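Topology and contacts: notes
Residues per chain, in single letters:
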Amino acid sequence: MSTLMTIASDPQDAAAAEAVEAHHTQLAGELAGRVAMLIAAADRDPAAADAVRAGLVDFCDQDLLPHAAAEEETLYPVAHDLPAARLLIDGMLAEHRRLAALVEALRTAGSAVRAATEGRALQVLFEEHLEKENALILPLLAGSPDISLAGLLSGMHDILGGHDHGHGHEDEAAESGGGCGGTCGCGGSDETDVPELDVRDVPHSIRHATVFGAIAAVPSGRAMILVAPHDPLPLLGQIEDRHPGAFGVEYLQRGPEAWRLLLSHR
């Protein structure tokens, strides 16, 4: 049971706070995956970096920045009225302005290397920002007997993640009825210019979302290499569910320390 469940003044508020945290996990993971692909493209395949950068900017415009705007509309005004949170909210609003500025810098970066730098700065700031929201703001709101967090968030999909983001935080051990998303086999492949995403050290809570963000950044006709700590069959099933028939899968290594898979975007 999470800390929020023990401090919330109402079970519905606890559930609402946990839904926000889950959406934060999805956003952070997808951003991390897209940034990882941008950095890899800038290093290995600058010709593909523009397409990866464009996808990252689109994600920010459609998901990350609307999420911040929705918080400013619903959560932040109420939290600002709490004496314990007033200065914190002022700082969080300033961080929203900085996040928007980084997205604009990413949009207008004149080179792949510069875009990768701006993307990484955006990722670091966003992760720190979410940590403060999860650890400080949500507990204050959920624990206040005079505030209905569930009521504040009613219908706010940009905060709760109710639109096409239902796969970002699945348990990696969950069973899946899906397949591998394409043909599986062993064989040689020219990996020189293929970006690699090693998720073995990625926190479990955002691992799947990071992969989803990364594969969303792979342009059609190109590929990425996924390095996992085990055979990621449930993950491959989820990829197939999200992108039916879009990715072919080739096992390059089957353990024991790592599983390496080539995911090719058809």
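The name an unreviewed UniProt entry assigns to the chain is DUF2249 domain-containing protein, from the organism Streptomyces cinnabarinus.

When helices and strands are tallied, the chain shows 10 helices and four strands. Listed N to C, the secondary structure of the chain is α-α-α-α-α-α-α-α-β-α-β-α-β-β in terms of helices and strands. A total of 266 residues make up the chain; the buried ones form 49% of that total. Summarising the internal contacts of the chain: among those between residues at least 6 apart in sequence, 76% fall at separations of at least 24. On the chain, roughly 11,700 Å² of surface is accessible, and the fraction owed to carbon and sulfur atoms is 53%.

Moving on to the packing of aromatic side chains. One pass over the full model with this rule turns up zero aromatic pairs. Its guanidinium or amino end placed over the ring of Phe212, Arg242 lies 4.1 Å from that ring's centre, counting from NZ or CZ. Geometry around Tyr251 places Arg254 over its ring, the cationic atom sitting 3.8 Å from the centre.

As a further point, take the pattern of salt bridges. This model, assessed by the stated rule, comprises 10 salt bridges. In this structure, Arg107 engages Asp61 in a salt bridge whose closest nitrogen and oxygen atoms are separated by 2.9 Å. Placement of the pair is Arg107 in helix H5 (residues 86-108) and Asp61 in helix H3 (residues 46-73), with a sequence separation of 46 residues. Judged by its relative accessible area of 35%, Arg107 is partly exposed.

Regular strands place their side chains on alternate faces of the sheet. In terms of burial, strand S4 (residues 259-265) is largely enclosed, as five of its seven residues are buried. Relative to S4, strand S2 (residues 223-228) runs antiparallel, the two being bridged by six bridges. In the strand pairing of S4, Val227 is matched with Arg260. Bridge count between strand S3 (residues 247-254) and S4: seven bridges; the pairing is antiparallel. Across the sheet, the residue bridging to Gly248 is Ser264, located in S4.

The sheet built from four strands is open, its strands ordered S1-S2-S4-S3 with mixed pairing. With partners counted over all chains shown, the strands left at the sheet margins are strand S1 (196-198) and S3, one partner each. Within the sheet, the average angular offset between the axes of one strand and its neighbour, ignoring direction, is 20°.

Between the first and last C-alpha of helix H9 (residues 204-216) there are 19 Å, a value that for 13 residues agrees with the 18 Å anticipated at 1.5 Å per step. With 10 of 13 residues buried, H9 lies mostly within the body of the structure. All of the buried residues in H9 are Ile206, Arg207, His208, Ala209, Thr210, Val211, Phe212, Gly213, Ala214 and Ile215. Here the buried face of H9 lies against helix H2 (11-44), S1, S2, helix H10 (233-242), S3 and S4.

What follows concerns helix H6 (residues 112-143). Across its 32 residues, H6 extends 45 Å between first and last C-alpha, which sits within 8% of the 46 Å expected from 1.5 Å per residue. Taken as a whole, H6 carries its principal kink of about 35° at Glu133.

Our focus in this paragraph is the pairing of S2. Of all six residues making up S2, six are buried, and the element is well covered by its neighbours. Across the two faces of S2 the burial is the same, with Ala223, Ile225 and Val227 and Met224, Leu226 and Ala228 all buried. With three bridges joining them, S1 and S2 adopt parallel strand pairing. Across the sheet, the residue bridging to Leu197 is Leu226, located in S2. With respect to chirality, the unit in which S1 leads through H9 into the neighbouring parallel S2 is right-handed.

Cut-offs used in this document
- Residues numbered from 1 in each chain as written.
- Predicted model: local features only at pLDDT ≥ 70, side-chain atom pairs only at ≥ 80, totals over all residues.
- Heavy atoms only, no water.
- Helix = DSSP H or I, 4+ residues; strand = E, 2+ residues; numbered from the N terminus.
- Buried < 20%, exposed > 50% of the residue type's maximum accessible area, 1.4 Å probe, protein only.
- Contact = heavy atoms within 4.5 Å.
- Areas by Shrake-Rupley, 256 points an atom, 1.4 Å probe, with all protein chains shown as cover.
- Phe/Tyr/Trp six-rings, centres within 6.5 Å; stacked < 30°, edge-to-face > 60°.
- Lys NZ or Arg CZ within 6 Å of the ring centre and 35° of its normal.
- Salt bridge = Lys/Arg side-chain N within 4 Å of Asp/Glu carboxyl O.
- Pairing = 2+ DSSP bridges.
- Axes fitted to C-alpha atoms, helices over the stretch in contact; angles between N-to-C directions.
- Expected span 1.5 Å × (residues − 1).
- Bend = angle between axes of the 7 residues up to and from the residue.
- Right-handed = clockwise from strand over helix to strand, strands pointing away.

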